Amino acid sequence: MARTLDIVSARLSDVELALNFSDAHPPLTVEQARVEADRCFFCYDAPCIEACPTGIDIPKFIKAIATRNLKGSAKTILESNILGGSCARVCPTEILCEQKCVHNTREEGQPIRIGALQRHATDWQMEHGGQPFTRAPATGRRIAIIGAGPAGLACAHRLAMHGHNVLLLDAHSQPGGLNEYGVAAYKLADDFAQREIDFLLAIGGITFEGNRKLGENLSLNDLRRDYDAIFLGIGLSGVRAMGIEGEELEGVQDAVAFIETLRSQEKKCVPVGRRVVVIGGGNTAVDAAVQARRLGADEVTLVYRRGHEQMSATPVEREWAQTNGVTIRFWSSPVRMVLEDGALSGVEFSHGTATTNGRVIYDPADTFIVHADMVLKAVGQTFIPDPISGESILVENGRIVVDDIYRTTMEGIYAGGDCTVGEDLTVAAVRDGRNAAEAIHKALSISSVQA
């Protein structure tokens, strides 16, 4: 008789779960925000602006906070990044704008808390100011956007501002994409992702349809016939396999699916193992590991095949995992899933050694086992081209190819976000969607004049 895996839900009380998944980083108070804003030097040619993918005028919005003009501060942020509220919460500001802050070169070495100040201003706008942008007169033009994640949402809002009518389509029942289904719940607590979307949609002119999947109940040819342009913001829907023995066993699942389940259900209904192993070194791996711990797992071990310098998760994320009781082991590659009495009992890893040319050599004779009744795979996501196969849309190196104004090789179709080559950051996806919208608007404006 096979051993039963110790994977159950409701390991913690409702009170404990509510506390564990509350806002991980509480907002600044009014006084804290003013003190922090007063530290800014308001640099000319500020390096923090260059480090922001959406090019927010950071000194300008911080100056507005310092002068108690939160409405002006929020508008400065949102006119560059309409999802500035979520980006303030999830962006790795420590390797973007805050890393370039000139305060880092001073004796105290503490950069301005740009992300926290951005949240302070955008939260105020959502709570008090309403929609800060006015929709232009209707143009009669119609654009279909496939994918309601950050890229698609940013594209939709900017096109609606220009007076176009937008149909926003997504495979999920709700819009939001990564923000709604793929980010740790404590980063976007209190249903913030949907509240931000409601704020964004208040511009008008945007219709959302969920449960619409390209290649199943959605056709590019039909959309091309009925719409003036199409934007693809379809992200990365595939998950890399590890290709090791036992990967298909019960108790082994994708970290992405685990996070989506956690974001889609009540926390007390999400099952978690007592001993959990997470394989990977990115933000998804960290989010999965910390959330497993906060669901009540006794032991969570994150195992990465290289060293900490090569992790795509930032040092701040790595420290966050360790602070939450996650053990991190480096230079270890999975060999096979281990069975005991016919059921998963752990993962065998081989030790690796870094070499001078950057390659890692793993010794098959030097192995160890980490015991687990649940394994979460976070070894990377991939673009699945099947829904657009057969179309004249060029895909190279696993991503859709676009030119400098986000046009694909198929006339009238644009793309942006993770499905194209880029930084794979929420803020970069927002930039892509915004810029693609401007390119679409310009193309439609030119065609209207010519007509």
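Heads up: the structure comes first, above all this text.
Residues numbered from 1 in each chain as written. Predicted model: local features only at pLDDT ≥ 70, side-chain atom pairs only at ≥ 80, totals over all residues. Heavy atoms only, no water.

### Remarks on the pattern of salt bridges
Evaluated as defined, the whole model comprises 23 salt bridges. Between Arg274 and Asp6 there is a salt bridge, with its nearest N and O atoms 2.8 Å apart. With Arg274 in the loop between strand 8 (272–273) and strand 9 (275–279) and Asp6 in the segment before strand 1 (7–8), this pair connects stretches of sequence that are 268 residues apart. Arg274 gets classed as partly exposed once you look at its relative accessible area, which sits at 36%. Between Lys187 and Glu317 there is a salt bridge, with its nearest N and O atoms 3.3 Å apart. Of the two residues, Lys187 is situated in the loop between helix 9 (178–181) and helix 10 (192–201) and Glu317 in helix 14 (residues 315–323); the sequence distance between them amounts to 130 residues. Grouping residues by exposure puts Lys187 and Glu317 together as buried. Via salt bridges that share partners, Asp6, Arg11, Arg274 and Asp298 belong to a single interconnected network. (Salt bridge = Lys/Arg side-chain N within 4 Å of Asp/Glu carboxyl O. Helix = DSSP H or I, 4+ residues; strand = E, 2+ residues; numbered from the N terminus. Buried < 20%, exposed > 50% of the residue type's maximum accessible area, 1.4 Å probe, protein only.)

### Focus: helix 13 (residues 283–295)
Compared with an ideal rise of 1.5 Å per residue, which puts 13 residues at 18 Å, helix 13 spans 18 Å between its outermost C-alpha atoms and is within 8% of the ideal. For helix 13, the complete set of buried residues consists of Ala285, Val286, Asp287, Ala288, Ala289, Val290, Gln291, Ala292, Arg294 and Leu295. With its phi angle positive at about 120°, Gly296 sits one or two positions after the end of helix 13. (Expected span 1.5 Å × (residues − 1).)

### Section: the sheet that holds strand 4 (residues 206–209)
One open sheet accounts for 5 strands, arranged 4-3-2-5-19; its pairing is parallel. Every interior strand has two partners, whereas the edge strands, strand 4 and strand 19 (413–415), have only one. Between one strand axis and the next, the sheet turns through 20° on average, direction left out of account. Looking at chain direction, strand 3 (residues 165–169) and strand 4 are connected through 4 bridges and run parallel. In the sheet register, Leu169 faces strand 4, and the bridge partner there is Glu209. Along the sheet, helix 8 (residues 150–161) contacts strand 2 (142–146), strand 3, strand 4 and strand 5 (229–232); its crossing angle with strand 3, the most-contacted strand, is approximately 165°. (Pairing = 2+ DSSP bridges. Axes fitted to C-alpha atoms, helices over the stretch in contact; angles between N-to-C directions. Contact = heavy atoms within 4.5 Å.)

### Notes on the packing of helix 2 (residues 30–38) against helix 4 (residues 58–66)
Helix 4 packs onto helix 2 with a crossing angle of 130° between their chain directions and a minimal axis gap of 8 Å. The orientation of helix 2 with respect to helix 4, classified from their angle, is oblique. As helix 2 runs across helix 4, the sense of the crossing is left-handed. Where helix 2 approaches helix 4, its residues Ala33, Arg34, Ala37 and Asp38 are matched on the opposing element by Ile62, Ile65 and Ala66. Of the residues that constitute the contact of helix 2 with helix 4, the class distribution is 5 nonpolar, no polar and 2 charged. (Parallel < 35°, antiparallel > 145°, perpendicular 65-115°, else oblique. Left-handed = near helix turned anticlockwise from the far one by under 90°. Nonpolar A, V, L, I, M, F, W, Y, C, P; charged D, E, K, R; others polar.)

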